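If you want the building blocks of each chain, they are given just below.
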Amino acid sequence: AKRQGRNTFRFYTESMTSQATDRLQLETRLRRAVEQREFLLHYQPLMDLNTRRVVGVEALVRLKGPQGGEACLPSIGPDLFIPVMEDTGMIVALGEWVLREACRQGRVWLDEGLEFGRLAVNISPSEIRRGGVIERVTRILKQTGFPANRLELEITESGLMEHGENADLFLQQLHQMGVSISIDDFGTGYSSLAYLKRFPVHQLKIDRSFVQDLPGNANDAQLVSTMISLAHNLRMRVVAEGVEMPDQEAFLCAKGCDMAQGYLFSRPLPAAHVEKLLGSTRSQ
Ligand code: C2E
Ligand code: CA
Ligand code: CA
Ligand code: CA
């Protein structure tokens, strides 16, 4: 038993050491990526479920491949590197780059007459916690000439709730600038309906986890219907994330969901592909 115990101990130590090494390597890789600007943005369309038109695009950050080309390492996606960047504070530099690049691209599309609707950019709770977001948004909109009323910031439910009273002022300022607010991953965090009612929130995005088993899962079907009604009662638009199957779309349509996003319509695409997609509906 003793020997077994020692082996077990060693096993854990080794695995913890290798985890720490992995983490350090990832951190080093990310620091270099920030310095050398090895990131790029993909854009995923948001579809209006009534008109079946693109009414928005969400910018999603990607780490470029090791050769600096456009190829992405599927093993290092944002779900993996965003939390590390939040912990280390690198998220501030990344967030600034993402917003500027998205607004720069959006401005180009506007100048080319490509009707993409609204431009959604994710903002992490730790960016808000670290402060300066309002100033940054103001500055970047000015520098890029991108109109505030085309910009939508996606903030997670938990990110917002964690700010309590401060979130109020923060959201009011964005609202006054004309920037829209979307609550991301709705349903996954704890949320206070009192806050939701009080905040100038324009849109709820129902988390993919509630959508994936539609329409067969009766529990999820009930929850999603309730979330759609809730959004509409609060005069908010509602988007379903992660729509992959036609019967999911049919269910959402029947329940009056306004918009949807997911592989059924399009994966996140490089900017040039978005242009091709939108080119067919180019405004005159
Ligand atoms: P999110 O904001 O909830 O973004 C949606 C994620 O779901 C994206 O993953 C997207 O590629 C994926 N997705 C979209 N449609 C489908 C579908 O039909 N099926 C499935 N299985 N997945 C779908 P991605 O790009 O890997 O991003 C993961 C998360 O990383 C994002 O979740 C967001 O929280 C974060 N993130 C991405 N880009 C940024 C960024 O620029 N800034 C910040 N702060 N966070 C970002
Ligand atoms: Ca999002
Ligand atoms: Ca989401
Ligand atoms: Ca998510």
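Basis of the calculations
Residues numbered from 1 in each chain as written. Chains lettered and ligands numbered in written order. Predicted model: local features only at pLDDT ≥ 70, side-chain atom pairs only at ≥ 80, totals over all residues. Heavy atoms only, no water. Donors = N, O, S within 2.8 Å, 3.2 Å for Na, K, Ca; no water. Buried < 20%, exposed > 50% of the residue type's maximum accessible area, 1.4 Å probe, protein only. Core = buried A, V, L, I, M, F, W, Y, C linked by side-chain atoms within 4.5 Å. Helix = DSSP H or I, 4+ residues; strand = E, 2+ residues; numbered from the N terminus. Contact = heavy atoms within 4.5 Å. Near = heavy atom within 4 Å. Polar contact = N/O pair within 3.5 Å; in protein donor to acceptor, adjacent residues only side chain to side chain. Areas by Shrake-Rupley, 256 points an atom, 1.4 Å probe, with all protein chains shown as cover. Nonpolar A, V, L, I, M, F, W, Y, C, P; charged D, E, K, R; others polar. Disulfide = S-S within 2.5 Å. Phe/Tyr/Trp six-rings, centres within 6.5 Å; stacked < 30°, edge-to-face > 60°. Salt bridge = Lys/Arg side-chain N within 4 Å of Asp/Glu carboxyl O.

The protein carries the name EAL domain-containing protein in an unreviewed UniProt entry, which gives Aquabacterium lacunae as its organism.

Thoughts on the coordination of the calcium ion (ligand 3)
Distances from the calcium ion (ligand 3) to its protein donors, Asp184 (OD), Asp185 (OD), Glu241 (OE) and Glu241 (OE), fall at 1.9 to 2.7 Å. Sequence positions of the donors to the calcium ion (ligand 3) reduce to the motif D-D-x55-E. Here the calcium ion (ligand 2) and the calcium ion (ligand 3) are spaced 4.0 Å from one another, each receiving a donor from Asp184. With a relative accessible area of 6%, Asp184 lands in the buried category. According to the relative accessible area criterion, Asp185 is partly exposed, its value standing at 25%.

Thoughts on the nonpolar core
By size, the foremost hydrophobic cluster in this structure holds 78 residues, and its most contacted members are Phe39, Tyr43, Phe81, Leu151 and Leu252. Of all the elements, helix H3 (residues 91–111) adds the most residues to this core, at eight residues. Once residues within four sequence positions are removed from consideration, Leu252 is found in contact with Leu49, Leu214, Val224, Ile228, Ala240, Val243 and Cys257.

Section: the site of ligand 1
The full set close to ligand 1 counts 22 residues, and Gln44, Arg62, Arg208, Glu244 and Tyr263 are the nearest of them. Gln44 is positioned with one of its side-chain polar atoms (N or O) 3.0 Å from a nitrogen atom of ligand 1. Residue Glu58 places a side-chain N or O atom 3.3 Å away from an oxygen atom belonging to ligand 1. In the complex, the protein chains occlude 85% of the 800 Å² of accessible area that ligand 1 would expose alone. At the level of secondary structure, the elements contributing two or more residues to the shell around ligand 1 comprise strand S2 (54–63), helix H2 (78–88) and strand S5 (180–186). Broken down by element, the shell around ligand 1 gets its largest block of residues, four residues, from S2. Residue classes in the shell around ligand 1 are distributed as eight nonpolar, five polar and nine charged.

Structural notes on the state of the cysteines
As enumerated under the stated definition, the model contains zero disulfides in all. Just so you know, Cys253 is unpaired, no disulfide at all, and the nearest cysteine sulfur is the one on Cys257, 8.2 Å from it.

Brief notes about the side chain of Gln105
By the secondary structure assignment, Gln105 is in helix H3. On the basis of relative accessible area, Gln105 is assigned to the buried category, the value being 7%. When residues no more than four places from it in sequence are discounted, the contact partners of Gln105 are Tyr43, Ala271 and Glu275.

Some details on the packing of aromatic side chains
Aromatic rings in a pair are described by how distant their centres are and how their planes are angled relative to each other. Under the counting rule described, the total for this entry stands at five aromatic pairs. Centre to centre, the rings of Phe39 and Trp97 are 6.5 Å apart; their planes meet at 45°, and the pair counts as tilted. Of this pair, Phe39 sits in strand S1 (residues 39–48) while Trp97 sits in helix H3, and the two are 58 residues apart along the sequence. Just as Phe39 is buried, Trp97 falls in that class too. Taking 5.0 Å as the distance between ring centres and 70° as the angle between the ring planes, the aromatic pair formed by Tyr43 and Trp109 counts as edge-to-face. With Tyr43 in strand S1 and Trp109 in helix H3, this pair connects stretches of sequence that are 66 residues apart. Of the two residues, Tyr43 and Trp109, neither departs from the other in class, the shared state being buried. Site record: aromatic cluster; members linked through ring pairs are Tyr43, Trp109, Phe116 and Phe146.

Remarks on the coordination of the calcium ion (ligand 2)
In this structure, Glu58 (OE), Asn122 (OD1), Glu154 (OE) and Asp184 (OD) serve as the protein donors to the calcium ion (ligand 2), at separations of 2.1 to 2.3 Å. Between the donor residues of the calcium ion (ligand 2), the gaps in sequence give the motif E-x63-N-x31-E-x29-D.

Considerations on unusual backbone geometry
Note that the residue after Leu214, namely Pro215, is joined by a cis bond; omega there is -5°. Relative to the elements of secondary structure, Pro215 occurs in the loop between helix H9 (208–211) and helix H10 (218–233).

With respect to the pattern of salt bridges
Tallying each qualifying case throughout the model produces 17 salt bridges. Taking the shortest distance from any N to any O, the salt bridge between Glu96 and Arg139 comes out at 2.8 Å. Of this pair, Glu96 sits in helix H3 while Arg139 sits in helix H5 (residues 133–144), and the two are 43 residues apart along the sequence. For Arg139, a relative accessible area of 36% translates into the label partly exposed. What you see here is one network of salt bridges that share partners, running through Arg23, Glu27, Arg31 and Asp87.

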